[in-house]
Amino acid sequence: MTRPTTDEIRRHLKLATKSALYAAGGAAGIVAQKMTRVGEAALSFYASLSDDHCHRLVPLDVALDLDFVAGEPIHARALASAQGYRLVSVVEEKPNGRFALSDLARISHDFSEVQACCFDALEDGAISEAERIAILDKISELERGMAQMRAKLHVGV
């Protein structure tokens, strides 16, 4: 019997680890602050796409640690996506302050970052896995800003 996961799915998990490490500020800081049970070398292996480390995937508890430190469910999204699901937060966004011009500026800035990331990725006519992850991260930032703005408008502050 063959494994139900593919090389591509496992590569996406490695890219999720790489993205979570980046969002969390890097392996050195995570290890120095004892925010996970493994060291820098292991974190590096878990994020490495090289053939030497292709079978070294992040354990679930370490993935959860990284997601918490990164402030978003990067690994959980990758796992859900691999199974044909989309992750949706069960926590309703609470407004943070009053609706203001700064909300519009944030949305505009975040959208321009999504656009720039897409333009860069499409420059050579193909989107690499790293570029796809970067675009998804930028879209997540935009969605957080939109949720915050929506919450402010719903309560009328």
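Whatever comes next refers back to the structure up there.
Predicted, not measured: the structure shown is a model, and the values here were computed from it.

Calculation rules
Residues numbered from 1 in each chain as written. Predicted model: local features only at pLDDT ≥ 70, side-chain atom pairs only at ≥ 80, totals over all residues. Heavy atoms only, no water. Helix = DSSP H or I, 4+ residues; strand = E, 2+ residues; numbered from the N terminus. Buried < 20%, exposed > 50% of the residue type's maximum accessible area, 1.4 Å probe, protein only. Contact = heavy atoms within 4.5 Å. 1 Å grid on protein atoms, 1.4 Å probe; cavity = no way out; pocket = protein on both sides within 12 Å on 5 of 7 lines; lining within 4 Å. Points joined across faces, edges and corners; volume = space filled by probe spheres on them. Nonpolar A, V, L, I, M, F, W, Y, C, P; charged D, E, K, R; others polar. Core = buried A, V, L, I, M, F, W, Y, C linked by side-chain atoms within 4.5 Å. Salt bridge = Lys/Arg side-chain N within 4 Å of Asp/Glu carboxyl O.

A.B. asks: Account for the environment of aspartate 103, naming residues and giving values.
C.D. replies: By the secondary structure assignment, aspartate 103 is in helix H6 (residues 101-122). Judged by its relative accessible area of 10%, aspartate 103 is buried. With 43 residues separating them in the primary sequence, aspartate 103 and methionine 146 have C-alpha atoms 8.5 Å apart. Leaving out residues up to four positions away in the same chain, aspartate 103 has contacts with Arg98, Met149 and Lys152.

A.B. asks: Residues and numbers for the layout of surface pockets, please.
C.D. replies: Here the largest pocket defines a volume of roughly 1,000 Å³. Along its surface, the largest pocket is lined by 30 residues, and Pro73, Arg77, Leu87, Ser140 and Glu143 are the ones closest to its centre. Among the elements that take part in the lining of the largest pocket, helix H7 (residues 129-155) stands out by supplying 11 residues, more than any other. Across the lining of the largest pocket, the residue classes break down as 15 nonpolar, five polar and 10 charged.

A.B. asks: Kindly report on the nonpolar core, identifying the contributing residues and their values.
C.D. replies: Core analysis: the largest hydrophobic core is formed by 19 residues, its most contacted members being Leu21, Val38, Leu43, Tyr46, Val58, Val62 and Leu66. Contributing elements (two or more residues each) for this core: helix H1 (7-23), helix H2 (27-32), helix H3 (40-47), helix H4 (60-70) and helix H5 (74-82). With residues near it in sequence (within four places) discarded, leucine 66 still touches Thr17, Ala20, Leu21, Ile30, Leu43, Val58 and His75.

A.B. asks: Go over the pattern of salt bridges with me, naming the residues and quoting the values.
C.D. replies: On inspection of all chains with the given rule, the structure shows eight salt bridges. Aspartate 103 is the partner of lysine 152 in a salt bridge, and the nearest nitrogen-oxygen pair spans 2.8 Å. Of the two residues, lysine 152 is situated in helix H7 and aspartate 103 in helix H6; the sequence distance between them amounts to 49 residues. Judged on exposure class, the residue lysine 152 and its partner aspartate 103 are both buried. The salt bridge partner of arginine 132 is glutamate 129, with a shortest N-O separation of 3.1 Å. Here arginine 132 pairs with glutamate 129, and both are found in helix H7, just three residues apart, close to one helical turn. In this structure arginine 132 comes out as partly exposed when scored by relative accessible area, which is 28%. Connected through salt bridges with shared partners, the residues Glu72, Arg77 and Arg144 form a single ionic network.

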